[in-house]
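Chain by chain, the residues:
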Amino acid sequence: MALADLVLEGLTLILVIALGLVLIGGLAYLTMTVTSANNARLAYAGLYVYLPQPFYVNGTLYVPMLNIGYYRALVRYIYVRSSDGSIHRYTLDLVLNPNQYYVYRLSLGYEPSSITLVVSPVDYPGVVREFSVNVTEVTT
């Protein structure tokens, strides 16, 4: 019985250490600026727009956005992928302050399957971040 408890405590300690290392590694990643191979995308700490679940109903796409980052976010574009695979680009130029919630409405003549927002901090327009999510279709 005591050996089983010791093994369980050892496994728990190993799991806690592993999770701590993952968390530290993730935080270190967020505090750096990371470039992709073509330098087209940059990840920047403190810039994050949460997309609670866009939905499509009766020809209108509703895209709720919440700026949960530290910087004012400039939402430059929204890319909408239709169910047939084509991509449509719309220019927003919408500024979201920290903790600001906004619902963008877009009338469409096709059924969307996913969206991607292209966002940059207002004070650092050269830094670009993309946020993507699938669209839920609501039938009435």
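So, how was this worked out
Residues numbered from 1 in each chain as written. Predicted model: local features only at pLDDT ≥ 70, side-chain atom pairs only at ≥ 80, totals over all residues. Heavy atoms only, no water. Pairing = 2+ DSSP bridges. Helix = DSSP H or I, 4+ residues; strand = E, 2+ residues; numbered from the N terminus. Axes fitted to C-alpha atoms, helices over the stretch in contact; angles between N-to-C directions. Buried < 20%, exposed > 50% of the residue type's maximum accessible area, 1.4 Å probe, protein only.

Caption draft 1: Highlighting the sheet that holds strand β10 (residues 129-134). Ordered by their spatial adjacency, four strands build an open sheet running β7-β6-β9-β10, and the pairing between neighbours is antiparallel. Edge positions in the sheet fall to β7 (87-96) and β10, since each has one partner strand and no second. Direction aside, the axes of adjacent strands within the sheet are offset by 20° on average. As paired strands, strand β6 (residues 73-82) and β7 are joined by eight bridges and run antiparallel to one another. Looking across to β7, one finds that Leu74 is bridged to Val95.

Caption draft 2: Structural detail: the pairing of strand β9 (residues 112-121). Of all 10 residues making up β9, nine are buried, and the element is well covered by its neighbours. Pairing of β6 with β9, which is carried by nine bridges, proceeds in the antiparallel orientation. Looking at β9, one finds that Val75 is bridged to Val119.

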